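# Observations on the model geometry
If you want the building blocks of each chain, they are given just below.
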Amino acid sequence: MEIWINPACSKCRSALTLLDAEGAEYTVRRYLEDVPSPEEIRQVLDRLGLEPWDITRTQEAVAKELGLKEWPRDAANRDRWIEALAGHPKLIQRPIITAEDGTAVVGRSEEAVRDALSR
């Protein structure tokens, strides 16, 4: 499994602590440094079963600068959202854990992290 983290994020640190406590094998991706490509974001969205606006941190300063809250949330604008996430990775919700079964979860709660562990 792989976990996308921002080391400054308390939810990410909590997820790592739980993964370690459970003896999980995982790789860490510091996605602000190792920025996912638009294609990688598409793949993770498919695994999550979500749309790009579902994993966008709309309260970030850059989101406000871009006016993301006003962007249409539809198929015609999906690529625009994905490009924004790839261009400004701080907008990506975290942590994202890719599970062994090919799915993924946004691991912001202990329950979500445990869900990823059970897959």
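Everything numeric here is computed off the predicted structure, so don't read it as measured data.

## Some points on the overall build of the protein
Counting its regular elements, the protein contains five helices and four strands. For the protein, the succession of helices and strands along the chain, N to C, is β-α-β-α-α-α-β-β-α. Dimensions of the protein, computed from C-alpha atoms along their principal axes, come out at roughly 40 × 25 × 25 Å. Out of the 119 residues in the protein, the part that is buried amounts to 45%. Restricting to contacts in the protein with at least 6 residues of sequence separation, those with at least 24 account for 62%. Carbon together with sulfur atoms contributes 45% to the accessible area of the protein, which is approximately 6200 Å² in total. In the protein, which carries 17 positive and 22 negative side-chain charges, the distance between the mean positions of the two groups comes to 7 Å.

## Describing the state of the cysteines
Summed over the entire model, instances satisfying the criterion amount to zero disulfides. Looking at the unpaired Cys9, the closest cysteine sulfur is the one in Cys12, lying at 3.4 Å. Since its relative accessible area comes to 6%, Cys9 is described here as buried. Look at Cys12 and you get buried, because its relative accessible area is 1%.

## Thoughts on the pairing of strand S2 (residues 27-30)
By the bridge criterion, four bridges tie strand S1 (residues 2-5) to S2 in an arrangement that is parallel. Residue Ile3 lies in a different strand from S2, and its bridge partner there is Val28. What joins S1 to S2 is helix H1 (residues 10-21), and the crossover it makes is right-handed.

Conventions we followed
Residues numbered from 1 in each chain as written. Predicted model: local features only at pLDDT ≥ 70, side-chain atom pairs only at ≥ 80, totals over all residues. Heavy atoms only, no water. Helix = DSSP H or I, 4+ residues; strand = E, 2+ residues; numbered from the N terminus. Buried < 20%, exposed > 50% of the residue type's maximum accessible area, 1.4 Å probe, protein only. Contact = heavy atoms within 4.5 Å. Areas by Shrake-Rupley, 256 points an atom, 1.4 Å probe, with all protein chains shown as cover. Lys, Arg positive; Asp, Glu negative; His and termini not counted. Charge placed at Lys NZ, Arg CZ, Asp CG, Glu CD. Disulfide = S-S within 2.5 Å. Pairing = 2+ DSSP bridges. Right-handed = clockwise from strand over helix to strand, strands pointing away.

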